[in-house]
Amino acid sequence: MRHVANLKDLSPDEIREILDKSIEIKQNPARYTGLLANQSMAMIFQKTSTRTRVSFEVAMTELGGHAIYIDWESSNFVLSGIEYETEYLSRNVSCIMARLLHFDDVLKIISGSQAPVINGCCEKYHPCQALTDVLTMTEHFDGSVEDAHLVYVGVQNNVSNSLVIICAKLGIRLTLATPDENDNGESQDADVRRIIEQSDLINHTTEARAAVTDADFVYTDTWIDMQYFNDPDHVEERTARINQMMPYQINRALLDKVDCKIMHDMPIHDDFEITPEMVRDPRSIIFSQAENRLHAQKGLLWWVYREAGNL
Ligand code: CP
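No experiment lies behind these values; they were computed from the predicted model shown. (Residues numbered from 1 in each chain as written. Predicted model: local features only at pLDDT ≥ 70, side-chain atom pairs only at ≥ 80, totals over all residues. Heavy atoms only, no water.)

Digging into the sheet that holds strand β7 (residues 202-205)
Strands pair in a sheet through their backbones, by hydrogen bonds, and they do so in one of two ways: parallel or antiparallel. To be explicit about the condition: Criterion used throughout: strands pair if DSSP finds at least two bridges between them. Helix and strand labels come from DSSP, where a helix needs a run of H or I of at least four residues and a strand needs a run of E of at least two; each type is numbered from the N terminus. To define axes, lines are fitted to C-alpha atoms, for helices over the stretch in contact only, and angles between the resulting N-to-C directions are given on a 0 to 180 degree scale. Whether two residues touch is decided by their heavy atoms; if any such pair falls within 4.5 Å, the residues are in contact.
The strand order across the open sheet built from 5 strands is β7-β6-β5-β8-β9, with neighbouring strands paired in parallel fashion. Two strands lie at the open edges of the sheet, namely β7 and β9 (261-264), each paired on one side alone. The average undirected angle you get between the axes of adjacent strands in this sheet is 20 degrees. Across 3 bridges, strand β5 (residues 149-153) lies against strand β8 (residues 217-220) in parallel orientation. Within β8, the residue paired with tyrosine 152 across the bridge is tyrosine 219. Seen against the sheet, helix α11 (residues 286-307) touches β8 and β9 and runs at an angle of roughly 45 degrees to β9.

Structure below.
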């Protein structure tokens, strides 16, 4: 059975198939209103979310199916073994989307499930976001997206890992402009590190201003993992991170005279990774990108259900 853990085991053609179908469904929604009729998907959340929850739930509704929201803390996942709860769940639903803290637990869900599993973001990967991002770049670039230069400015994390994986597969030039010291280490991935070291298309620099000069897309993400943001126990870590990261803030000075589109996967933290005027700058495509979570989710669900033989 095919699962979507991190995009590593999808071929470039399979990724392109998902992106093409996302565009096809976006342009012709009426043709797909019955695609997932009578199908139910469980959505398990250990972490906060706005876009992942809404886009998957709306996608299932608009494709004729149904999505069930399961809060980890108020379900019996919190009390029992992940494999037991997952096996039960997968005997009632035809797909599971899980947003968990740890990739190891996503793997446990995959191992216990009789239905395909989609990783809805963990500490290492955010595959659904990466699909959305390339879909959005495709729509906002004159010419083939393989000729675009994407510059990710900020901190290496789950989002940048998935961008590295998808850009390497599709042959898109990606520069990571980030400090040498990355997040607290939880997102480190040997395959991603190897791609950065060995690929001609995927590079790392600590110099944000130089990196964005010929960027077609400049992308940023939160500097601190979402669950730490408002936690009083992490004030010191948060302050140190902000001081280290200010040279990487997306602001007027950094993007002065740069002919690029501005991207952010949201949620936005004003005056941290980006200033409010850059969110609303004419170059910003942030809200189109966020809206595209819905369209990319539909293409992904089409692929997952087809691979499972359920279409
Ligand atoms: N970008 C993203 O995953 O948004 P949410 O955390 O709101 O789901």
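Past the structure itself, the notes keep going.
Side note on the sheet that holds strand β1 (residues 40-45)
Taking strand neighbours across the sheet as the criterion, the 4 strands line up as β2-β1-β3-β4 in an open arrangement whose pairing is parallel. Among the strands making up the open sheet, the edge pair consists of β2 (66-71) and β4 (117-119). Strand-to-strand twist in this sheet, taken as the mean axis angle between neighbours without regard to direction, amounts to 20 degrees. Strand direction decides the pairing type here: strand β3 (residues 95-99) and β4, joined by 3 bridges, are parallel. Considered in β4, the bridge of methionine 97 is made with isoleucine 118.

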